[in-house]
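One letter stands for each residue in the lines below.
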Amino acid sequence: MNPNSEHESKDDFAHESEETLPWEKLRAAAEQAKLHAYAPYSQHPVGAAALTSTGRIVTGCNVENASYGITLCAECGMISELVRTSKPDIRETLIAFACVGPNPGPLLPCGRCRQLLVEHAADHMLIDTERGPTLLTDLIPFAFGPKDLPQQ
Ligand SMILES: [Zn+2]
């Protein structure tokens, strides 16, 4: 898959207004994913879910490691699922994202995961925050991305 491709699949959900996006469904999917978290060291289970441009929901949970340093955030698993389950000829992107942890309310992605999301986000991707849906570009402005690499 070419990450620089401008060609996207049918993006039926790319132009949903933030009011019509299925935030409750995403939060519920993130809660379900959280049930699978492997977090024996931090006791901080996390679940993440995103709506894709083809209308699918992809999810992930955090997976800790005894070495601590190679712990995988929930977003890592979610992005892996997105790539693994996308049709090979379609550049599927993320439209809306929700993440939950052990405390009530939305959990925001760490810096590394914001960068991960940038790579696979549709323009105007929204993130569930305590202030309401927020643009990913507001959480990571002037982000480095595929556009900054030489075009092939
Ligand atoms: Zn992270």
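Computed from a predicted model, the values in this text were never measured in an experiment.

Overview of the overall build of the protein
The helix and strand tally for the protein stands at four helices and five strands. The secondary structure elements of the protein, listed N-terminal to C-terminal, are α-β-β-α-β-α-β-β-α. Buried positions account for 34% of the 152 residues belonging to the protein. Relative to all contacts within the protein whose residues are 6 or more apart in sequence, the contacts with residues 24 or more apart total 62%.

So, the environment of His44
You can see His44 is positioned in the loop between α1 (23–34) and β1 (47–52). Excluding its chain neighbours within four sequence positions, the residues that come into contact with His44 are Ala39, Gly101 and Pro102.

Considerations on the packing of helix α2 (residues 74–85) against helix α3 (residues 111–120)
Close contact between α2 and α3 brings their axes to 10 Å; oriented N to C, the two are set at 15°. Taken together, the axis directions place α2 and α3 in an arrangement best described as roughly parallel. Of the two possible hands of crossing, α2 and α3 adopt the one that is left-handed. Every residue of α3 that contacts α2 at Glu75, Cys76, Ile79 and Leu82 is listed here: Cys113, Leu116, Leu117 and His120. Counted by class, the contact of α2 with α3 contains six nonpolar, one polar and one charged residues.

Regarding the sheet that holds β1
Taken in spatial order, the five strands make up an open sheet running β2-β1-β3-β4-β5, and their pairing is mixed. With one partner strand each, in any of the chains shown, β2 (57–61) and β5 (134–135) form the two edges of the open sheet. Direction of pairing for β1 relative to strand β3 (residues 94–100): antiparallel, over a ladder of six bridges. Of the residues in β3, the one forming a bridge with Ala49 is Ala98. In the packing of α2 onto the sheet, the strands contacted are β1, β2 and β3, and the crossing angle to β2 comes to about 140°.

Observations concerning α1
Its twelve residues place the ends of α1 16 Å apart at the C-alpha level, agreeing with the 16 Å of an ideal helix rising 1.5 Å per residue. Within α1, the full set of buried residues consists of Leu26, Ala29, Ala30, Ala33 and Lys34. All buried residues of α1 fall inside an arc of 145° around its axis, so they share one side. Close packing links the buried residues of α1 with β1, β2, α2 and β3.

About the criteria used
- Residues numbered from 1 in each chain as written.
- Predicted model: local features only at pLDDT ≥ 70, side-chain atom pairs only at ≥ 80, totals over all residues.
- Helix = DSSP H or I, 4+ residues; strand = E, 2+ residues; numbered from the N terminus.
- Buried ≥ 20, exposed ≤ 12 C-beta atoms within 10 Å, placed from the backbone.
- Contact = placed C-beta atoms within 7 Å.
- Axes fitted to C-alpha atoms, helices over the stretch in contact; angles between N-to-C directions.
- Parallel < 35°, antiparallel > 145°, perpendicular 65-115°, else oblique.
- Left-handed = near helix turned anticlockwise from the far one by under 90°.
- Nonpolar A, V, L, I, M, F, W, Y, C, P; charged D, E, K, R; others polar.
- Pairing = 2+ DSSP bridges.
- Expected span 1.5 Å × (residues − 1).
- Arc of directions from axis to C-beta.

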